[in-house]
Amino acid sequence: MNPTPSSPLAAEIHEGLDDVVVGVTRLCHIDGEAGQLVYRGLDAARLAESQPYEAVVHLLHEGRLPTAHELAAYRARMRDAGRLTPAEGDAVRRPAGGEPLAAIRTGLSAVAALRGLRPWLDRDPTEVRAEALSLGAAMPAVVTTVHAAAGMPPAGPGEDDSFAARYLSAMRGAPAPAALVRALDRYLVLTADHGMNASTFVARAVASTGADVGSSLVAALGALSGPLHGGAPGPVLDMLDAIGEAGRARDWLARRVREGGRIMGFGHRVYRTDDPRAMSLRAAAIQAGYGRTELALAVEEAALEVLAEMKPGRSLRTNVEFWTAVTLEACGIPRALFTATFAVSRTAGWTAHVLEQVAHNRLMRPMVAYVGPTPQPPQPPRAPRAA
Ligand SMILES: CC(C)(COP(=O)(O)OP(=O)(O)OC[C@H]1O[C@@H](n2cnc3c(N)ncnc32)[C@H](O)[C@@H]1OP(=O)(O)O)[C@@H](O)C(=O)NCCC(=O)NCCS
């Protein structure tokens with residue numbers, strides 16, 4: 001339905017906010033034509049080769065990479081803030097059951113409340129920055145506590161050196177091999193931020209009201225629960241399971257596209273060439289030789305051929321979700337927690353964007369074009385009847 005002809009907005013509607021620029025950022029740049037992702041001027045794929053996740057959180061929050069000394073201190077801060085108190089642990093375990101992401105969202109909300117997070121407006125920005133780091137650092141413990149409460153292996157000691165190592169050992173119930181810790185760290189760095197996607201936008205919109213950091217993160221988790229945002233790696237593994245062996249890939253994929261289905265892990269709204277995150281995870285998978293790598297390579301090759309033939313001119317390439325599935329499975333993370341693991345990494349971006357919003361805030365208040373019944377002119381007030 002069209003907006004009422006008199007609406008001043010009639011020519012300005014951008015459904016899905018396509019092409020709408022809502023502000024400026026110094027955090028992340030995506031060059032979809034060149035296939036480059038940049039955090040504060042540094043190439044994310046290069047960072048993934050050389051830096052741990054905590055250094056990238058520091059980069060996003062503080063504007064530069066830490067020195068070795070600063071990194072050690074930052075790691076210790078994240079480790080300490082990442083531990084749940086007994087009361088927090090109880091609160092996170094309480095909503096057990098249902099979708100893991102719903103329990104994680106509810107658990108994080110409880111932790112934010114128990115830590116006394118308050119609206120940021122008119123407060124010292126240093127305090128808000130500390131709250132953002134602290135609550136973000138608690139996300140892995142919330143995820144692994146929900147996992148353990150659902151009857152999964154009990155959480156490990158959780159005292160290891162790095163963020164990735166602690167997450168993985170808590171998830172697996174035992175210390176993880178160094179190569180897998182490195183693989184997870186690479187993934188966490190590569191997915192730490194990605195511009196103004198739906199969950200980041202929601203986090204910033206909530207922050208723009210002056211709300212506490214916890215409310216922004218809970219809202220972002222809600223946005224991430226939708227299948228259109230962040231939910232592809234699980235279905236990628238389902239697809240690899242269904243294909244089963246390399247020789248069946250082409251026929252299976254062609255039938256899927258012929259029937260109007262989409263090949264999971266391919267295509268992207270922004271990248272018109274290789275997704276640099278996918279390429280980095282792919283190279284690591286080939287080097288490490290995870291169990292699924294051979295099948296995944298064969299399916300990828302077949303998918304690119306099928307898409308080029310059946311969707312010519314669309315430039316549909318492998319996206320990050322395809323190789324995420326292979327990586328997270330190799331790390332021993334259950335399929336049901338792939339999206340939660342994505343949330344763990346993206347917390348860096350969400351909190352950094354919230355802090356950027358805090359630093360230059362304007363309350364978000366977009367408009368919407370009215371398309372309901374034509375408004376009636378206001379009726380003149382009835383004259384009082386003569387007695
Ligand atoms: C990510 C995605 C939503 C991007 O969509 P988009 O840029 O808006 O692309 P469009 O929806 O405009 O699709 C353009 C064309 O390519 C096709 N296409 C896009 N991705 C496809 C895929 N993975 N498999 C088959 N066809 C695909 C569409 O059917 C459409 O074809 P048409 O022009 O004949 O209708 C889309 O590529 C997709 O659904 N991919 C699969 C899910 C996935 O991997 N998601 C994770 C993203 S990180």
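Analysis parameters
- Residues numbered from 1 in each chain as written.
- Predicted model: local features only at pLDDT ≥ 70, side-chain atom pairs only at ≥ 80, totals over all residues.
- Heavy atoms only, no water.
- Pairing = 2+ DSSP bridges.
- Helix = DSSP H or I, 4+ residues; strand = E, 2+ residues; numbered from the N terminus.
- Near = heavy atom within 4 Å.
- Polar contact = N/O pair within 3.5 Å; in protein donor to acceptor, adjacent residues only side chain to side chain.
- Areas by Shrake-Rupley, 256 points an atom, 1.4 Å probe, with all protein chains shown as cover.
- Nonpolar A, V, L, I, M, F, W, Y, C, P; charged D, E, K, R; others polar.
- Axes fitted to C-alpha atoms, helices over the stretch in contact; angles between N-to-C directions.
- Parallel < 35°, antiparallel > 145°, perpendicular 65-115°, else oblique.
- Left-handed = near helix turned anticlockwise from the far one by under 90°.
- Contact = heavy atoms within 4.5 Å.
- Domains from an automatic or database assignment.
- Buried area = accessible area lost by both parts, 1.4 Å probe.
- Salt bridge = Lys/Arg side-chain N within 4 Å of Asp/Glu carboxyl O.
- Phe/Tyr/Trp six-rings, centres within 6.5 Å; stacked < 30°, edge-to-face > 60°.
- Buried < 20%, exposed > 50% of the residue type's maximum accessible area, 1.4 Å probe, protein only.

This part covers the pairing of strand S2 (residues 36–39). Here four bridges tie strand S1 (residues 28–31) to S2, and the two strands are oriented antiparallel to one another. Bridging from a neighbouring strand, Ile30 pairs with Leu37 of S2. Counting the residues in the hairpin turn of S1 and S2 gives four residues, including Gly35, whose phi is positive at 70 degrees. For S2 and strand S3 (residues 42–43), the ladder comprises two bridges, and the chain directions are antiparallel. Across the sheet, residue Tyr39 finds its bridge partner in S3, namely Leu42. Between S2 and S3, which pair antiparallel in sequence order, lie two residues; one of them, Arg40, sits at a positive phi of approximately 45 degrees.

A few words on the site of the ligand. Taken together, 17 residues lie near the ligand, and Ile263, Gly265, Phe266, Arg314 and Asn319 sit nearest. At 2.8 Å, a backbone N or O of Gly265 approaches an oxygen atom of the ligand. Between the ligand and Phe266, the relevant distance is 2.9 Å, taken from a nitrogen atom to a main-chain nitrogen or oxygen of the residue. Surface burial for the ligand is 68%, taken as the share of its 860 Å² of free accessible area covered by protein chains. Classifying every residue of the shell around the ligand gives six nonpolar, five polar and six charged.

What follows concerns the packing of helix H10 (residues 213–224) against helix H16 (residues 338–359). As a packed pair, H10 and H16 sit with axes 10 Å apart at the nearest point and diverge in direction by 135 degrees. As judged from the angle between their axes, H10 and H16 are oblique. Remark: the crossing between H10 and H16 carries right-handed chirality. Taken together, the residues of H16 that come into contact with H10 (itself represented by Val213, Ser216, Leu217, Ala220, Leu221 and Leu224) are Thr339, Phe342, Ala343, Thr347, Trp350, Thr351 and Val354. Looking at the contact of H10 with H16, its residues break down into nine nonpolar, four polar and no charged.

The next thing to look at is the domain arrangement of the chain. Along its sequence, the chain is organised into domain 1 (25–226 + 343–359) and domain 2 (233–329). Computed over C-alpha atoms only, the centres of domain 1 and domain 2 are separated by 27 Å. Counting residues at the interface gives 19 residues for domain 1, matched by 16 residues for domain 2. Both sides of the domain 1 and domain 2 interface together cover about 1300 Å² of buried area, and 71% of this is carbon and sulfur. At the surface where domain 1 touches domain 2, the tally comes to zero salt bridges. There are three residue pairs in polar contact (both at pLDDT 80 or more) connecting domain 1 and domain 2. Looking at the side of domain 1 that touches domain 2, the elements that each hand over two or more residues are S1, S2, helix H1 (44–50) and helix H8 (178–190). With six residues, H8 is the largest single contributor of residues to the side of domain 1 that touches domain 2. In the side of domain 1 that touches domain 2, the residues fall into nine nonpolar, five polar and five charged.

What follows is about the packing of aromatic side chains. With the rule as written, the count across this model stands at three aromatic pairs. Measuring from ring centre to ring centre gives 5.4 Å for Phe322 and Trp323, while their planes differ by 80 degrees; the resulting arrangement is edge-to-face. One exposure class covers both Phe322 and Trp323, and it is buried. The structure contains a cluster of three or more aromatic residues connected by ring pairs, namely Phe266, Phe322 and Trp323.

It is worth spelling out the sheet that holds S3 at this point. Strand order in the open sheet made by the three strands is S1-S2-S3, with antiparallel pairing throughout. The strands lining the two open edges of the sheet, one partner per strand, are S1 and S3.

A few words now on the packing of helix H9 (residues 198–207) against H16. Direction vectors running N to C along H9 and H16 enclose 35 degrees, while the axes themselves pass 9 Å from each other. Crossing angle aside, the handedness with which H9 passes H16 is right-handed. For the pair formed by H9 and H16, the contact residues are Ser199, Thr200, Ala203, Arg204 and Ala207 on the first element and Arg346, Trp350, His353, Val354, Glu356 and Gln357 on the second. Of the residues assigned to the contact of H9 with H16, the class counts are four nonpolar, four polar and three charged.

Glancing now at helix H12 (residues 249–258). Taken residue by residue, H12 has Ala249, Trp252, Leu253, Ala254 and Val257 as its buried positions. At its buried positions, H12 is contacted by helix H11 (233–243) and helix H14 (293–310).

Our focus in this paragraph is the pattern of salt bridges. What the rule picks out here adds up to 21 salt bridges. One salt bridge in this structure joins Arg115 and Glu88, with 2.9 Å as the shortest N-O distance. Of this pair, Arg115 sits in the loop between helix H5 (100–114) and helix H6 (125–149) while Glu88 sits in helix H4 (residues 86–93), and the two are 27 residues apart along the sequence. Note that Arg118 is salt-bridged to Glu127, the shortest N-O span being 3.7 Å. Looking at Arg118, the relative accessible area reads 45%, which means it is partly exposed. Among the charged side chains, a salt-bridge network with shared partners connects Asp238, Asp241, Arg292, Glu329 and Arg335.

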